[in-house]
Every structure is written in structure tokens, then in C-alpha cells.
Amino acid sequence: MKTTIAGLAFAASIFSTLATVGPAATAETANIWVRADGSNFMPRIVDAFNKGHENQIKLDIIPNAEIIPKYGAAAAGGTAPDALSLDLIYTPSFAAAGQLEDITDWAKSLPYFNSLSPAHVKTGTYKDRIYGLPFSADSSVLIWNKKLFKHAGLDPEKGPTNWAEIEAYAEKVNALGGDIKGFYFSGNCGGCNIFTFTPLIWASGGDILTEDGSRATLDSPQLRGAIDLYRSMVKKDLVPAGAQTDTGSNFFAAFAAGNIGISPSGAFAIGALNTQYPDIDYGVTFLPGKDGGWSSFAGGDNFVVTKGTTKIAVVKEFLDFAYSLEGQTILAKYGSLPVRGDIANEALKDLDPRYKIAAEAMAKGRTPYSVVFNDLINSANGPWNQMVNEVFFGEDVNGAIANAQETMQSIIDSAPQQ
């Protein structure tokens, strides 16, 4: 077969084009960890990302109790994942340890940066540099059983708006008798009570730590008032006896059983009740202050990047997708509140309207800032947990507050500078 001049010219042009383009870029895979709390929404958003992008995400789901020590050990040993969906309260600790990438410039370049959850951004900041950005979100709210309210002669569509109403409504529900109780909280769970009890204090003008986490401020009229509310309900037998020893295992389950009138809870309860307990008719409102107003604990995860990762471009691409309307809608549908306030309503528009109350609570929610949060608050042997159990159920309220104040301040003073 003869080769024409035109054919040679065409072949030459193709070769020239290929030479100019060079070899195709190789897709990369980044490894991300998430705690088990995110096992409903995280696989779905990762799957959606992987289907639409050449770069891929490999997801590992780690048990809640294991993820913090496991990540700490992996970061120290050079085997950490490229990125992590990290309980936001721990972001300052890992930033202080030098295990996270400084992502300040990237974060501030995002056109919607000022619309991201303020509480998440605050806990993601260490010494004026950003090490974590909001990823998933939860908020603390107050829920009530509408059926029990109606049987007790209360308006089933109206939740409590102050402390006096919480106690009065709980008494009326409690009067129904049998195994029905007016109120429930997990009395031996530091994490549960920082999430749901502290907002009562915040909404009344008090706090347990200064804004920068440098000083404990436990001994306040607001804290003592909130303690008196719980102690009064315990003494009136409005709270099941099992609450005293509950380390959190019944935090949600007690209300889900259908015989509790009122319970402080979280936005997560909306999805759980709707899917697992559809027969329970319930309302959602804000956690109120003594005389009105409200506050909320902004919980959830920050997205952090392991220092030194070579996959930061893939990680950024994934987070950009998570922040898109599609990503925020997937997160909302499967259990996380949106973290972008500017598109939150749109992401939630097809979901249960009670989510909008939880989203509003989260958007204005607060999160205590400390590089030693676990030692202060979450540890079963820590000062916060020991104090709340004693002041709710014990006799020496003054001694418990004084001891917790002293111990917390000692832990803070021994920590790295915040």
C-alpha cells in the first residue's frame, strides 16, 4: 500500500499533538478517616464524589472511642490518613501538637468562607491560623412528646420557652403516672451534659470557660441556677432513677421509648426518630435560658488535613464538593446539618421542617474552646463529669463546684498556651 503525502502530514500532525499534550495525568486517591458517628452520611458523600471525579477518596470508618488515640499514634508515626473528619472540639489539641496542615490561605480564599459555621471555624483556629474547616454539624435542642403533652392537658404544639415552663410541663406529664416521667438527661455523661446542659447557662448569660479557654468560670449564678433546676426535678421524682448512672447509653433511647415528656437532645434525634420510631409524635425547640432566650452547642466535625500530605489537591477537591449545594444536600439528607449558612435552607428544603429549627440553633451555636477539652470535659474521671453528677444527685453542691473549678484551672494552666 502506498502512503500518500496527505496521510503522512496527518500522521505528523497527530504525533505533534500527542507530543504537546504529553502523557495523561494519573488520577490520585486520598485516604480519609471518619468516626463511626458519620457512618451514615460519609460513605454516601464519598460515593457521590468518586462517581463524578477522576481523583478518588478511600474512606475508613473508625470506632468513636478509637479514632482520637489511633489518629494521634498514626500522625506521630507517619502513617496517618491524608485528611480526617475530626470531632471539632479536638481540633485545637492536634493543631497545638503540630500534626495538622495550616490551611489559612485556602480557607480564606473560599468565596463562602464567611458563611461557614462560626463555631466550627473558631475551634479550627489555633494562634490565629486555621487548621480545620466545618464538615458535619449537629446542634443541641429540646424535644418533647406531643402525645404525652396532650394527655397531660398541655398544648402539644408548644414546647417550653424558659426554665419554669420546663419544670411545670415536666410535672404535668409526670402526673400521668405509671412508668411515665416528665424529664430525662444522662446524669453521668460529661459529653452529654456539655452538649445539652451548658446551653441553659449560656442562654442565661453565663459560661463555664472564658472565650479563649484560659480560665474556668464555673462559680456563677447562671450555673447554680441551672443546677437548681435539675436538682429540683430530681427531688420531685420527675427524672427516672436510672439517669444518675447513665453514661450516655440512654441519652437518646430513653426518649425514644415513648414514656418521657421532655428531654434535651440533638439534631441527630430528628432523623433517628423519623426512621426508627415513626410512631412517636414529637416537637423540637431551642434550649431556653432562665427567663427566655435560647442557646445551643454547635457540635459535629471539622475537616482537617494531616501535615505533610502529598494529596492536598485531592483533599481540596473533595471538600469543594462537600461544600457544594449537592454535597450539603447529601449531608443533610443523611444526618448532618448544613455547615454553609448561605445555602442551608435550600439544602434542607425537602426535609422534615424540624431540621430548620436545629439548623438555626447550630448557626448561632457555641462550642467551648480548649486545647485540653477532653481532660476537662469528656473524660469520665475529669472535673466536669465528676461535678455534674455530684451537683445533680449529691449533697455537696458548693464543694463540687469549688473542686471542679480548681481542678479545671490546674489542667488549663498546665496545658500548652492557647
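Everything here concerns the structure above.
Along each chain, the written sequence defines residue order, and numbers are assigned to residues from 1. For this predicted model, a pLDDT threshold of at least 70 governs which residues receive local features, and a threshold of 80 or more governs which side-chain atom pairs are given and counted, while totals over whole chains, interfaces and linings are taken from all residues. Side-chain calculation: all heavy atoms of the structure are included, whereas hydrogens and water are not.

Things to note about the overall build of the protein
For helices the rule is a DSSP run of H or I covering at least 4 residues; for strands it is a run of E covering at least 2, with both sets numbered from the N terminus onward. In terms of helices and strands, the protein carries 20 helices and 12 strands. With respect to the principal axes defined by its C-alpha atoms, the protein has extents near 100 × 50 × 30 Å. Buried means the residue's accessible area, taken with a 1.4 Å probe over protein chains only, is under 20% of the maximum for its type, while exposed means over 50%, and partly exposed covers the values in between. Counting across all 418 residues of the protein, residues that qualify as buried make up 54%. Relative to all contacts within the protein whose residues are 6 or more apart in sequence, the contacts with residues 24 or more apart total 77%. A total accessible area of about 18100 Å² is found for the protein, and carbon and sulfur atoms account for 52% of it. Contacts are residue-level and defined by heavy atoms, with any inter-residue pair within 4.5 Å sufficient. Reported accessibility uses the Shrake-Rupley method at a 1.4 Å probe radius. Residues are deemed covered only where the shown protein chains occlude them.

Considerations on the side chain of Arg35
For Arg35, the position within the fold is in strand 1 (residues 29-35). Residue classification places Arg35 among the buried positions, given a relative accessible area of 14%.

Considerations on the state of the cysteines
Two cysteine sulfur atoms make up a disulfide if the distance between them is within 2.5 Å. Summed over the entire model, instances satisfying the criterion amount to one disulfide. One disulfide in the model links Cys189 with Cys192; its S-S distance is 2.2 Å. Its S-S torsion of approximately 70 degrees makes the covalent link between Cys189 and Cys192 right-handed. Like Cys189, the residue Cys192 is buried in the burial classification.

Description of the pattern of salt bridges
By convention in these notes, a salt bridge is any Lys or Arg side-chain nitrogen within 4 Å of a carboxyl oxygen on Asp or Glu. For the coordinates displayed, the defined rule picks out 15 salt bridges. With a shortest N-O distance of 3.2 Å, Arg35 and Asp37 are connected by a salt bridge. The residue Asp87 makes a salt bridge to Arg35 at a minimum N-O spacing of 3.5 Å. Of this pair, Asp87 sits in strand 3 (residues 83-87) while Arg35 sits in strand 1, and the two are 52 residues apart along the sequence.

Thoughts on helix 3 (residues 64-77)
For helix 3, spanning 14 residues, the distance from its first C-alpha to its last is 21 Å, which sits close to the expected 20 Å at 1.5 Å a residue. Summarising the contacts, the buried residues of helix 3 are in contact with strand 1, strand 2 (56-62), strand 3 and helix 4 (91-96). Directly after helix 3, the chain includes Gly78, whose backbone phi takes a positive value near 80 degrees. In this scheme, a helix's expected span is set at 1.5 Å multiplied by one less than its residue total.

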